[in-house]
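Residues per chain are reported as follows:
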There are 2 protein chains.
Amino acid sequence: MARFFVAPEELNGPQILLTGENAQHARVLRLKAGEEVLACDGQGMECLCTVESVSAGEVILGVLERRSSRNEAAVKVSIYMAFPKADKLEHVIQKATELGAYEIVAFPSGRCISRPDDKSLKKKLERWQKIAASAAEQSGRGVIPEVIALPSFTAALERAGKADKALMFYENEHATTLRMALESGSFETVSLLTGPEGGLEEKEVEQARNAGLQVCTLGSRILRCETAPLCALSAVMYAAGEF
Amino acid sequence: MARFFVAPEELNGPQILLTGENAQHARVLRLKAGEEVLACDGQGMECLCTVESVSAGEVILGVLERRSSRNEAAVKVSIYMAFPKADKLEHVIQKATELGAYEIVAFPSGRCISRPDDKSLKKKLERWQKIAASAAEQSGRGVIPEVIALPSFTAALERAGKADKALMFYENEHATTLRMALESGSFETVSLLTGPEGGLEEKEVEQARNAGLQVCTLGSRILRCETAPLCALSAVMYAAGEF
């Protein structure tokens, strides 16, 4: 079923008006009166609708049912990723959204080569948020994960540490597995923190431990920086009973 | 530790000679006499070596210890992927190799848009195998997964069906989860079969069931064709106790 993201207040009335990009998209899909579609607020609420009329630049939907989104994971998993080079973060945002991440948080760490300044960061965040919205639509999600940039590694640790399971992955950790970390008690929120291309520095790992993060391995093979968060996210979703 | 793939028979003597691309790579790494490196046959055996001498186009290694590779998963997971468009298969080969896949098998299915002919396939297979070798080296593996192309969907089902767990993922399956499939008995070999961009046809799913494959869901979100096999592989590695 086609799915359109609209402003949350749009879901309150008996009709919903699609305009702009949504109307264009409806045209591409060749929507016709009588078809069923979903209008989502991107925050977990959605309306099952029927198309009432289609005209140039405007589609009117009649609301059949207002309900909670059905495709959201019960567990809220936040991806914390040190700024990688080039388009790797875009890749992770797209894939993590498909895989059901709750939010994606980028931050600088010691060995980051990419360090966007404030001006370029603003533009990038807009672009990243659009990638998340597009992936949310394609994968049938009712929530668009927020993409957040934090100013420092310390800020990332502090924020990540608030989750029920705050986990950091480090290639020199061999004793503690992700499974051990997940099986030691229940959880509703999870933070998964991974490093940049060059990895995390040993002192950063110590700092993370001191901030209350648990340091885990993702196995004996060295994963690229864009592979590690998606591997961990897939495993957490599996462990949480999503599939 | 740097790692070089050599022909299996090279591992039998007291010394190993690196030439060609391996010698070039050693030069890029600025290897010096006395350093330890690994020479791997790409099939699961490796020699821990010390660099004896470095000269133009030639590096001589002295073998310290011959042993089984340490970074291979106990479970052998085969990825069966319907030919996707463009460079998506390359992406899956690289990532599946990092994540520890045993082999990657591509095949045509009803809705495949990409259908390489025999001539282009031969070239592509060479390229795909190089991508697997490069990813195996970077991730520290001792086995280079073989990349195989099969001529038909039927051939893929027949081959995939021989694994202890032969699983197909389908977005319209909601009852059987990957977890149910994995928890119903032990396994040493797993086949994970996924469709192309347009998905698998219903009659193909029936055909797979008849061939003995179990049809499972990867959750309620629709995954892109290049995301699904990597998500499933990550979850199987987690379930098998790899991390």
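Residues numbered from 1 in each chain as written. Chains lettered and ligands numbered in written order. Predicted model: local features only at pLDDT ≥ 70, side-chain atom pairs only at ≥ 80, totals over all residues. Heavy atoms only, no water.

Visitor: Even after reading the chapter, I still don't get the overall build of chain A, so can you show me in this structure?
Guide: A count of helical and extended segments in chain A gives seven helices and 11 strands. Seen through its C-alpha atoms, chain A measures out along the principal axes to roughly 60 × 40 × 30 Å. Looking at chain A residue by residue over its 243 residues, the buried ones come to 53%. Of the contacts made within chain A by residues no fewer than 6 positions apart, 72% connect residues no fewer than 24 positions apart. When the accessible surface of chain A is summed, it comes to about 11000 Å², and 47% of that surface belongs to carbon and sulfur atoms. Where the 28 positive side-chain charges of chain A centre and where its 33 negative ones centre are 4 Å apart. (Helix = DSSP H or I, 4+ residues; strand = E, 2+ residues; numbered from the N terminus. Buried < 20%, exposed > 50% of the residue type's maximum accessible area, 1.4 Å probe, protein only. Contact = heavy atoms within 4.5 Å. Areas by Shrake-Rupley, 256 points an atom, 1.4 Å probe, with all protein chains shown as cover. Lys, Arg positive; Asp, Glu negative; His and termini not counted. Charge placed at Lys NZ, Arg CZ, Asp CG, Glu CD.)

Visitor: So what exactly am I meant to see when it comes to the sheet that holds strand E5 (residues 58-68) of chain A here?
Guide: Residue and element names in this part refer to chain A. Reading across from one edge, E1-E3-E4-E5-E2 is the order of the five strands in this open sheet, with mixed pairing throughout. Across the chains shown, the open sheet's two edge strands, defined by having one partner strand only, are strand E1 (3-5) and strand E2 (15-18). Across the sheet, the axes of successive neighbouring strands diverge by a mean angle of 35°, strand direction being ignored. Where E1 and strand E3 (residues 36-40) come together, three bridges link them in parallel fashion. Pairing of Phe5 across the sheet is with Cys40, part of E3. Lying over the sheet, helix H1 (residues 20-28) contacts E1, E2 and E5, oriented at roughly 170° with respect to E1. (Pairing = 2+ DSSP bridges. Axes fitted to C-alpha atoms, helices over the stretch in contact; angles between N-to-C directions.)

Visitor: Explain unusual backbone geometry to me, please; I cannot follow it from the model alone.
Guide: Residues apart from glycine generally show negative phi values, whereas peptide bonds are mostly found in trans. The phi dihedral of A:Arg30 falls on the positive side, at around 55°, and the residue is not glycine. Along the polypeptide, A:Arg30 turns up in the loop between H1 and E3.

Visitor: Can you help me understand the sheet that holds strand E7 (residues 103-107) of chain B in this one?
Guide: Where strands meet in a sheet, backbone hydrogen bonds hold them as pairs that are either parallel or antiparallel. Residue and element names in this part refer to chain B. Overall, parallel pairing links the six strands, which are arranged E8-E7-E6-E10-E9-E11 in an open sheet. If you trace the sheet from one side to the other, it starts and ends with strand E8 (146-149) and strand E11 (214-216), each paired once. Across this sheet, the average inter-strand angle for adjacent strands is 20°, counted without regard to direction. As paired strands, strand E6 (residues 76-82) and E7 are joined by five bridges and run parallel to one another. Its bridge partner being in E7, Ser78 is matched across the sheet by Glu103.

Visitor: Looking at this structure, I do not really get the relation of the copies chain B and chain A. What am I missing?
Guide: Both copies of the chain are related by one operation, a rotation about an axis with a shift along it. Take chain B, turn it by 180°, move it 0.0 Å along the axis, and it overlays chain A with an RMSD of 0.1 Å. These values place the two chain copies in the arrangement generated by a two-fold rotation axis. For chain B, the minimum C-alpha distance to the rotation axis belongs to B:Ala235 and amounts to 2.4 Å. Here 100% of the interface residues in chain B have copies in chain A that are interface residues too; the copies meet face to matching face. (Least-squares fit on C-alpha atoms with pLDDT ≥ 70 in both.)

Visitor: How should I be thinking about the packing of helix H4 (residues 153-160) of chain A against helix H6 (residues 202-210) of chain A in this particular structure?
Guide: If you want to describe how two helices pack, look at the angle between their axes and the distance between the axes. Residue and element names in this part refer to chain A. Contact geometry of H4 with H6 gives a least axis separation of 10 Å together with a crossing angle of 35°. Seen from above, H4 lies across H6 with right-handed handedness. Where H4 abuts H6, its residues Phe153, Thr154 and Leu157 lie against Glu204, Gln207 and Ala208. Looking at the contact of H4 with H6 residue by residue, the classes come out as three nonpolar, two polar and one charged. (Left-handed = near helix turned anticlockwise from the far one by under 90°. Nonpolar A, V, L, I, M, F, W, Y, C, P; charged D, E, K, R; others polar.)

Visitor: In this structure, what is going on with the state of the cysteines? I would like to understand it.
Guide: Residues and elements named next belong to chain B. Applying the stated criterion across every chain yields a total of zero disulfides over all chains. With no disulfide of its own, Cys40 lies 8.9 Å from the sulfur of Cys47, the closest cysteine sulfur. You can call Cys40 buried: its relative accessible area is 0%. (Disulfide = S-S within 2.5 Å.)

Visitor: What exactly am I supposed to notice about H6(A) here?
Guide: Think of an α-helix as 3.6 residues a turn; residues three or four steps apart then line up on the same face. All names here are of chain A. Buried residues of H6: Glu204, Val205 and Ala208, and no others. The buried residues of H6 occupy an angular sector of 100° when the element is viewed end-on, so they sit on one face. Of the exposed residues in H6, the ones pointing more than 90 degrees away from its buried face are Glu202, Lys203 and Asn210. Backbone geometry just downstream of H6 places Gly212 in the positive-phi region, at approximately 95°. (Arc of directions from axis to C-beta.)

Visitor: So what exactly am I meant to see when it comes to the packing of aromatic side chains here?
Guide: Ring pairs (aromatic) are described by centroid distance and by the angle formed between their planes. Residues and elements named next belong to chain A. One pass over the full model with this rule turns up seven aromatic pairs over all chains. Consider the rings of Phe107 and Phe153, whose centres lie 5.9 Å apart with planes at 45°: the pair is tilted. Of this pair, Phe107 sits in strand E7 (residues 103-107) while Phe153 sits in helix H4, and the two are 46 residues apart along the sequence. Residue Phe107 is classed as buried on the basis of its relative accessible area, which comes to 0%. Owing to a relative accessible area of 7%, Phe153 belongs among the buried residues under this scheme. (Phe/Tyr/Trp six-rings, centres within 6.5 Å; stacked < 30°, edge-to-face > 60°.)

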